[in-house]
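# A closer look at the structure
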Amino acid sequence: MKFSDFEAAFVRENRILKGLLSVALILSGLSTTLVLMGKSYVIYKNGAIFHERLLAEDVCREGFLSVVSGDPSKTLITSDLLSILARDSMLFPTMTLLKVESLERGACKVIMKSEEALHAFKLGLIEGNALPFYYQIQQIDEIKVEEKEQ
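Not measured: the values here are computed from a predicted model. (Residues numbered from 1 in each chain as written. Predicted model: local features only at pLDDT ≥ 70, side-chain atom pairs only at ≥ 80, totals over all residues. Heavy atoms only, no water.)

### Focus: the nonpolar core
Selection criterion: We define the nonpolar core as a collection of buried residues of types Ala, Val, Leu, Ile, Met, Phe, Trp, Tyr and Cys that are connected through side-chain atoms lying within 4.5 Å of one another. Buried residues are those whose accessible area, probed at 1.4 Å on protein chains only, stays under 20% of the maximum for their type, while exposed residues exceed 50% and partly exposed ones sit between those limits. Only runs of H or I of at least four residues qualify as helices and only runs of E of at least two qualify as strands under DSSP, and these elements are numbered from the N terminus. Two residues form a contact once any of their heavy atoms are found within 4.5 Å.
Residues Phe64, Met90, Phe121, Leu123, Leu125, Ile137 and Ile140 are the most contacted members of the largest nonpolar core, which totals 22 residues. Elements that contribute at least two residues to this core include exactly α2 (54–69), α3 (79–87), β2 (107–113), β3 (118–127) and β4 (135–143). Considering every element that reaches this core, the biggest residue donor is α2, with 6 residues. Beyond its immediate sequence surroundings of up to four residues, Phe64 is in contact with Val59, Met90, Val110, Met112, Phe121, Leu123, Ile137 and Ile140.

Here's what the structure looks like:
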């Protein structure tokens, strides 16, 4: 084999390898671009929903409605609060639930409307894996509305 024949074969094989390398780089670049561009980003306008504990709000809603109706739920309310409610019931005529929101860890705020006025309550929660719904209402405090706020 002559050196010129070897050099020609070597150059030809290098061109084929360069072509295959170019095709592989183009395909990998294209697939990477498609993967990156294929993700859909969703921007949610109200980001507070991701920070609030939705289960705590549901426990506050259902537990407080059971208290106001006169039949407190044993699974949503602690036994200490049930004994207090047995002595002093919280009956409000024709209450309408307006809003339930999570304040901080272990507390919810419930806003209700009666025929006379608006009422706001802060509910204290306990949490634990042994509880049926992870949360139970431990404390109910009525939040006073100042005259200048009305």
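### Some points on the pattern of salt bridges
Counted only if it meets this: What counts as a salt bridge is simple: a side-chain nitrogen of Lys or Arg found within 4 Å of a carboxyl oxygen of Asp or Glu.
In the structure shown here, the tally under the stated rule is 4 salt bridges. Its salt-bridge partner being Arg61, residue Asp58 comes within 2.8 Å of it at the nearest N-O pair. Of the two residues, Asp58 and Arg61 both sit in helix α2, 3 residues apart, roughly one turn of that helix. Residue classification places Asp58 among the partly exposed positions, given a relative accessible area of 38%. Of the residues examined, Arg61 reaches a relative accessible area of 27% and is grouped as partly exposed. The shortest N-O distance in the salt bridge between Glu104 and Lys122 comes to 3.6 Å. Here the residue Glu104 occupies a position in the loop between β1 (96–102) and β2, and Lys122 occupies one in strand β3, the gap between them amounting to 18 residues.

### Description of the pairing of β1
Going by this rule: Two strands are said to pair when DSSP picks up at least two bridges between them.
In this sheet, β2 lies alongside β1 in antiparallel orientation, the contact comprising 6 bridges. Considered in β2, the bridge of Lys99 is made with Ile111. Between β1 and β2, which follow one another and run antiparallel, lie 4 residues, and Gly106 among them has a positive phi close to 90°.

### Topic: the state of the cysteines
Put simply, the rule is: The disulfide criterion used throughout: a pair of cysteine sulfur atoms within 2.5 Å.
Counted under the stated rule, the structure contains 1 disulfide. With a sulfur-sulfur separation of 2.5 Å, Cys60 is cross-linked through a disulfide to Cys108. Linking Cys60 and Cys108, the disulfide has an S-S dihedral of approximately 85° and is accordingly described as right-handed. With Cys60 in helix α2 and Cys108 in strand β2, this pair connects stretches of sequence that are 48 residues apart. Each member of the pair, Cys60 as well as Cys108, carries the same accessibility label: buried.

Interpretation in functional terms is not warranted from these geometric data alone.
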